[in-house]
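A structural walkthrough
For reference, the chains in residue letters:
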Amino acid sequence: GNNNETAAIMFLDEYNEQAMVEYYKDVAASWTYNTNITDYNQEQSVAASLAASNFENGMRTRALEFNQTGFSENTKRLLNKIIYIGDAAIERQEDLVELTNLLAQMETRYSTGKPCKEDGTCYSLEPDLTRIMSESRDYQELYWAWDAWRDEVGAPARQDYARYVELKNIGAQANDQPDNGAYWRSWYEVDNLEEMTEELYTQLSPLYNNLHAYVRRKLYEVYGGDYINLRGPIPAHIFGNMWAQSWLQLLDLCIPYPNKPSVDITPVLIEKGYTPLRMFEVSDEFFTSLGLIAMPEEFWNESMLEKPNDGREVVCHASAWDFYNQKDFRIKQCTDITQTDFITIHHEMGHVEYYMQYKDLPVPYRRGANPGFHEAVGDVLSLSVSTPKHLHSIGLLNEVSNDEEADLNFLMSMALDKISFLPFGYLMDQYRWRIFDGTTPESKYTEDWWKLRLQYQGIIPPVTRTEEDFDPAAKFHIPADVPYIRYFISFVIQFQFHDALCKAAGQTGPLHKCDIYRSTEAGTLLSNMLKKGSSETWPNAMEAITGSRTMNATALISYFQPLITYLEAENERNGDVPGWPESYTPADPN
Ligand SMILES: O=C(CCC(O)(O)[C@H](Cc1ccccc1)NC(=O)c1ccccc1)N[C@@H](Cc1c[nH]c2ccccc12)C(=O)O
Ligand SMILES: [Zn+2]
């Protein structure tokens, strides 16, 4: 093959110019569909996606013509990112067309799903079912919302999903990977990602099991012994969240010292008349206080910051968009006036900050150092924003007290979001890796899902599930073909980054009280890593911020240490043993 590196570099320049034009068209069509779901916009989005795949495939063929012997590391890295392109490498055009249409169909089913009651009232996921799940304490009402959503978007997706799996594996093999799980893991550029994440989970499961036992006691006090077994797993629909992935809505049940000032900003956001736009502006100001890049004019003019009220169907699940033209960056979010959505705003803004920091890199480098890095950026800033001191300073908490009891209340609220999430973040791709590698056949889609939900989360379905159901498709990322281990990794490394940025900001004292607000030293340390995009392997990026080249749970554990001590003492006092050895069937919710 052509061993002339100058020719390769000229090819890479040509690729870069063309990629920006092709990707802009693809992203623009996808944006139009996401913000206005119609048959026509779906078809246009499918056509644009196929055109982009066609472009990528053509460029892949040309990149393969080069003999990379003697080429610089950088030239080889860029060529390989143009060769290993995922689904677009599928040889048979009809397979790629079928997969692209399947993806659009699954995304539309999830995003337009609206279960209805006998009286004809229909409920969207956002905000209707989300509000019921977070506010109701009625076991039967929660069951209706939980079950109706799964009947509407879960079971109907099962057949599509089985075919999706076959086509994704064909795509993986076209990328020299044995199956799609292996292809997804290849983005981390290590040969032991499964062992790495398993080791992290082993370190973190005692924290989770202690929180699970404590929350089980609180739920027992509300729902009683018919529904809760103090030595068993907990029904999945009573955690305040459709997927039991965040337990923040149970804070009022779990707060250690209820007589202390509240750390929940939702009532204050409402009382002070916050709008979604105002919430985004407050987040943007935190980023610029660190010396990071402000959201540009196009962002404020073109983003979709709240659910349209003109009857349009939209994909409500939040996302951040890079139009690959170095100036159009957007967020699409059906923002509700809640603490959870205020945190999600920072999460999405973190994606856009990354986009803007690496916008001048070659297109193949405009990605996170690994996918977990992209998910962590916004959450790192949230760790500072969420402190009672910071929230009080921006008027989102009317009163704070600075003592050990108030600290534990704050740590409890953080644990109900971050620690509760860990097993869910871990199991979502354990489940899919096993489907892709053939361990889980279609005949066991439901059985293996609930085995993992029991093993890691210590939860059970409120009623027996069968292979007629397909509960995994009730979670956005499954029908949307979005990997999930990135969030588990993010929840670990964001504490490593927080620790490093706090040191750079000259903050001493306990990690959970650190607020890097206005520290340009911290901002510079972060932006220097963000500017690298995926031009270097992630251990280099990790080292640039933390000095360490590994992901480890030490920072997370030390952040929560005071709460761990409290939970162990509380469980001891209540005679509650972490774990769920006893299987049982909760009383029928019907
Ligand atoms: O899905 C999201 C946020 C949406 C997203 O920003 O991660 C979005 C997902 C997505 C990916 C691909 C297509 C459509 C949506 N990802 C991005 O917008 C994105 C941006 C740049 C690079 C990669 C992804 N969060 C996850 C997990 C999560 C993150 N932070 C949390 C805080 C509390 C609880 C859960 C979470 C969830 O809701 O289950
Ligand atoms: Zn994200």
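See above for the structure.
Bear in mind that the values here come from a model prediction, so they are computed numbers and not experimental data.

Counting across every chain of the model gives 33 salt bridges. Residue Glu-98 pairs with Arg-163 through a salt bridge whose shortest N-O separation is 2.7 Å. Of the two residues, Glu-98 is situated in helix H4 (residues 93–112) and Arg-163 in helix H7 (residues 158–173); the sequence distance between them amounts to 65 residues. The class for Glu-98 is partly exposed, based on a relative accessible area of 30%. Among the residues examined, Arg-163 registers a relative accessible area of 28% and is labelled partly exposed. Among the salt bridges present, the one from Lys-389 reaches Asp-515, with a minimum N-O distance of 4.0 Å.

This paragraph deals with the coordination of the zinc ion (ligand 2). At 1.9 to 2.0 Å from the zinc ion (ligand 2) lie its protein donor atoms, namely His-347 (NE2), His-351 (NE2) and Glu-375 (OE). Donor residues for the zinc ion (ligand 2), ordered by position in the chain, follow H-x3-H-x23-E. Here His-347 is found in helix H14 (residues 339–357), whereas its partner Glu-375 is found in helix H15 (residues 371–385), with 28 residues between them in sequence.

The next subject is unusual backbone geometry. At the junction of Glu-126 and Pro-127, the peptide bond is cis and its omega measures out at 5° in the coordinates. Looking at where Pro-127 falls in the secondary structure, it is placed in helix H5 (residues 125–135).

Given 3.6 residues per helical turn, the α-helix brings residues three or four places apart onto the same face. Helix length check: helix H6 (residues 139–153) (15 residues) gives 22 Å between terminal C-alpha atoms against 21 Å at 1.5 Å per residue, within 8%. Among the residues making up H6, those that are buried are Tyr-139, Leu-142, Tyr-143, Ala-145, Trp-146, Asp-147, Ala-148, Trp-149, Arg-150 and Val-153. Where H6 is buried, its residues contact H4, H5, helix H9 (193–223), strand E1 (234–235) and helix H19 (445–457). N-capping of H6 is provided by Asp-138, with a side-chain oxygen placed 2.8 Å from the backbone N of Gln-140.

This part is about the packing of helix H1 (residues 5–34) against helix H3 (residues 73–83). Viewed as axis vectors pointing N to C, H1 and H3 meet at an angle of 50°, and their least axial separation amounts to 11 Å. The angle between H1 and H3 falls in the class oblique. For the element pair H1 and H3, the recorded crossing hand is left-handed. Contacts between H1 and H3 pair Glu-5, Ala-8, Ile-9, Phe-11, Leu-12 and Tyr-15 from the former with Thr-75, Leu-78, Leu-79 and Ile-82 from the latter. Residues that form the contact of H1 with H3 fall into these classes: eight nonpolar, one polar and one charged.

On to helix H12 (residues 276–289), then. Given a rise of 1.5 Å per residue, 14 residues ought to cover 20 Å, and the 20 Å separating the end C-alpha atoms of H12 matches this to within 8%. All of the buried residues along H12 are Pro-276, Met-279, Phe-280, Val-282, Ser-283, Asp-284, Phe-286, Phe-287 and Ser-289. Directly after H12, the chain includes Gly-291, whose backbone phi takes a positive value near 85°.

So, on to the packing of aromatic side chains. This structure, assessed with the given rule, holds 47 aromatic pairs. Here Tyr-23 and Phe-55 contribute two aromatic rings whose centre-to-centre distance is 6.2 Å and whose plane-to-plane angle is 90°, an arrangement assigned as edge-to-face. With Tyr-23 in helix H1 and Phe-55 in helix H2 (residues 39–64), the pair connects residues that are 32 residues apart, well separated along the chain. Exposure class is identical for Tyr-23 and Phe-55. Each is buried. Taken together, the ring pairs connect Tyr-161, Tyr-164, Trp-184, Phe-436, Tyr-445 and Phe-470 into an aromatic cluster. The cationic tip of Arg-330 hangs over the ring face of Trp-31; the distance from NZ or CZ to the ring centre is 5.1 Å. Above the face of the Phe-491 ring, Lys-418 is positioned so that its terminal group lies 4.7 Å from the ring centre.

Examined against the element boundaries, Tyr-227 turns out to sit in the loop between H9 and E1. When the C-alpha atoms of Tyr-227 and Cys-316 are compared, they prove to be 33 Å apart, with 89 residues separating the residues in sequence. Not counting residues up to four positions away in its chain, the partners in contact with Tyr-227 are Tyr-139, Gln-140, Pro-235, Tyr-584, Pro-586, Ala-587 and Asp-588. One polar contact links Tyr-227 to Gln-140, side chain to side chain, over a distance of 3.1 Å.

Conventions and cut-offs
Residues numbered from 1 in each chain as written. Chains lettered and ligands numbered in written order. Predicted model: local features only at pLDDT ≥ 70, side-chain atom pairs only at ≥ 80, totals over all residues. Heavy atoms only, no water. Salt bridge = Lys/Arg side-chain N within 4 Å of Asp/Glu carboxyl O. Helix = DSSP H or I, 4+ residues; strand = E, 2+ residues; numbered from the N terminus. Buried < 20%, exposed > 50% of the residue type's maximum accessible area, 1.4 Å probe, protein only. Donors = N, O, S within 2.8 Å, 3.2 Å for Na, K, Ca; no water. Expected span 1.5 Å × (residues − 1). Contact = heavy atoms within 4.5 Å. Polar contact = N/O pair within 3.5 Å; in protein donor to acceptor, adjacent residues only side chain to side chain. Axes fitted to C-alpha atoms, helices over the stretch in contact; angles between N-to-C directions. Parallel < 35°, antiparallel > 145°, perpendicular 65-115°, else oblique. Left-handed = near helix turned anticlockwise from the far one by under 90°. Nonpolar A, V, L, I, M, F, W, Y, C, P; charged D, E, K, R; others polar. Phe/Tyr/Trp six-rings, centres within 6.5 Å; stacked < 30°, edge-to-face > 60°. Lys NZ or Arg CZ within 6 Å of the ring centre and 35° of its normal.

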